[in-house]
Structures are given as C-alpha cells and as structure tokens.
Amino acid sequence: MLDVPPWLRLLLAIVITVAASVVCVRLFHHHILRINTAPKKVNDDDPDPPPGVKDISGRLIALATFAFVFLLGFGFGQFWNTAKDGRDAVLSEATDYQRAVGLAERLPDDQSAALVSALEKYRQSITEVEWPLMEKADSAALVQARYDSGGALMTTILDTRPSDASSNPVWTNFESAIDDMLDDGVDRTNAIPSPMAVSIIFVVIVL
C-alpha cells in the first residue's frame, strides 16, 4: 500500500466503506424496522410501557455518535500534531547536519576527512535505512538503526577529538551541533505512528 498514490487509497477507502454500508443495509433492513417498532398503550389509563427497543437503540446510537465524534477529533488531532512534530524535527535535524558538516570542514585535514566521512555515513543511514523503517513503523528495527548510526558517529568523534577541544571554538560549536542533531533524530523517530493508531482508526470506522 505504500506504493499506492494517496488519492487512490482514499478512493479505495470510500468504495469499501460505501459497499460495506450497502451490504449491511440490505442484510439487516427488516431487522432495523422491527427494532424501531415501539410498544404502545392499549388504554389511556394503562401505565406507561417500559422503554422499548427503539428508546434503547436511540440512546445507544446517541452514545455511539458522541464516541465517534470525540474519538475522530481526538485521534486525528493527535495524528496531525505528531506528523507536524516529525516534520519540524526533520527540518531541524537537516539544519544541524549542514552546520556540523560546515564546522567539520574547518577543522584540520586529519580530523576533517574522518568527520565528514562519518557524517556522510550517518546521512546515508537516515535516508536508506531509517526512512524505510519509519514508513513501515518498525520501531524495534528503527531503534537498532539509530543506535548503530549514532554509535558509529560518536566513535569517530571521540577518536578524532583533540585534547584542547574545549578551548577550540570550532570544536565546541561542532559538538553542540552534533548533540542537537542527535536529539532531533530522536524526536523524528518518535513521530512514527503508534501501534494504537490502527486500533483507533478501526474503532472510528466501526462507530
């Protein structure tokens, strides 16, 4: 389904929903009419009859409608906010990556070459490994990929870090950019759909 265009997915969802509704109405139409038949009083002096199936079904429908509206607004609001947080994290991570590369290129050649190469491998891991895992919402594999790429980058940084790094403004800014980039990477991976997302969408459809 990831290769199906969004408009076609929407069209398929509409067709399936309409088809299911038509089938349900065709199968249960007579039962619905029978349920809607409320008990009546024989004489005016007779006590009021107990709540009929129609009254009970009306209350259930009202409750289901309230649950549907609430869950629809809450669920899709959460999905929207999570997606926005993910987009913001991607933009911030890309900005910090460019800043780290620019600072690494200003370091001495023996340090710069190793750091730029490590940053390029980190970028490749994001685009070639992490992005496909995020599309599949594979949290376990994504955590492992983050651990591997971040660990390899930090190992290179520690191996090339000079003893006077704390007094070198380029190194200080470089390490700050790396810290921000890794934090943004965590925020990005946290924006993948929750395992509960499918359940919420299913409940909304049922309601």
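Just above, that's the structure.
A.B. asks: Can you walk me through the side chain of Gln111 in this structure?
C.D. replies: Position of Gln111 relative to the elements: it lies in helix H3 (residues 109-136). For Gln111, a relative accessible area of 11% corresponds to the buried category. Residues in contact with Gln111, not counting those within four places in the same chain, are Thr160, Pro162 and Trp171.

A.B. asks: Explain a negative patch on the surface to me, please; I cannot follow it from the model alone.
C.D. replies: Together, Asp85, Asp179, Asp183 and Asp187 line one region of the surface with negative charge. Broken down by element, the negative patch gets its largest block of residues, three residues, from helix H5 (residues 169-189). Looking at the element boundaries, Asp85 is found in helix H2 (residues 53-104). According to the relative accessible area criterion, Asp85 is partly exposed, its value standing at 47%.

A.B. asks: Honestly, the packing of H3 against H5 in this entry has me stumped. Any pointers?
C.D. replies: Helix-helix packing: each pair is described by the crossing angle between the helix axes and the interaxial distance. For the pair H3 and H5, the least separation of the axes is 13 Å and the interaxial angle reads 10 degrees. In terms of orientation, H3 lies roughly parallel with respect to H5. Contact with H3, carried on its side by Gln111, Leu115, Leu119, Tyr122, Ile126, Glu130, Trp131 and Met134, involves Trp171, Phe174, Ile178, Met181, Leu182, Arg188 and Thr189 of H5 and no other residues of that element. Its residues placed into classes, the contact of H3 with H5 shows eleven nonpolar, two polar and two charged.

A.B. asks: Just checking my understanding: could you explain the nonpolar core for this structure?
C.D. replies: One recurring pattern in soluble globular proteins is that nonpolar side chains are buried together. Counting 21 residues, the largest nonpolar core has Leu119, Leu153, Phe174 and Ile178 as the members making the most contacts within it. The set of elements that each furnish at least two residues to this core consists of H2, H3, helix H4 (139-160) and H5. Residue contributions to this core peak at seven residues, all from H5. Excluding residues that lie within four positions of it along the chain, Phe174 makes contacts with Ala100, Leu103, Ala104, Leu115, Leu119 and Ile157. Counting residues in each nonpolar core, the second largest holds five residues, with Leu133, Met134, Leu142 and Ile192 among its members.

Parameters at a glance
Residues numbered from 1 in each chain as written. Predicted model: local features only at pLDDT ≥ 70, side-chain atom pairs only at ≥ 80, totals over all residues. Heavy atoms only, no water. Helix = DSSP H or I, 4+ residues; strand = E, 2+ residues; numbered from the N terminus. Buried < 20%, exposed > 50% of the residue type's maximum accessible area, 1.4 Å probe, protein only. Contact = heavy atoms within 4.5 Å. Patch = residues over 30% accessible without salt bridge, like charges linked within 9 Å, V, L, I, M, F, W, Y side chains within 5 Å. Areas by Shrake-Rupley, 256 points an atom, 1.4 Å probe, with all protein chains shown as cover. Salt bridge = Lys/Arg side-chain N within 4 Å of Asp/Glu carboxyl O. Lys, Arg positive; Asp, Glu negative; His and termini not counted. Charge placed at Lys NZ, Arg CZ, Asp CG, Glu CD. Axes fitted to C-alpha atoms, helices over the stretch in contact; angles between N-to-C directions. Parallel < 35°, antiparallel > 145°, perpendicular 65-115°, else oblique. Nonpolar A, V, L, I, M, F, W, Y, C, P; charged D, E, K, R; others polar. Core = buried A, V, L, I, M, F, W, Y, C linked by side-chain atoms within 4.5 Å.

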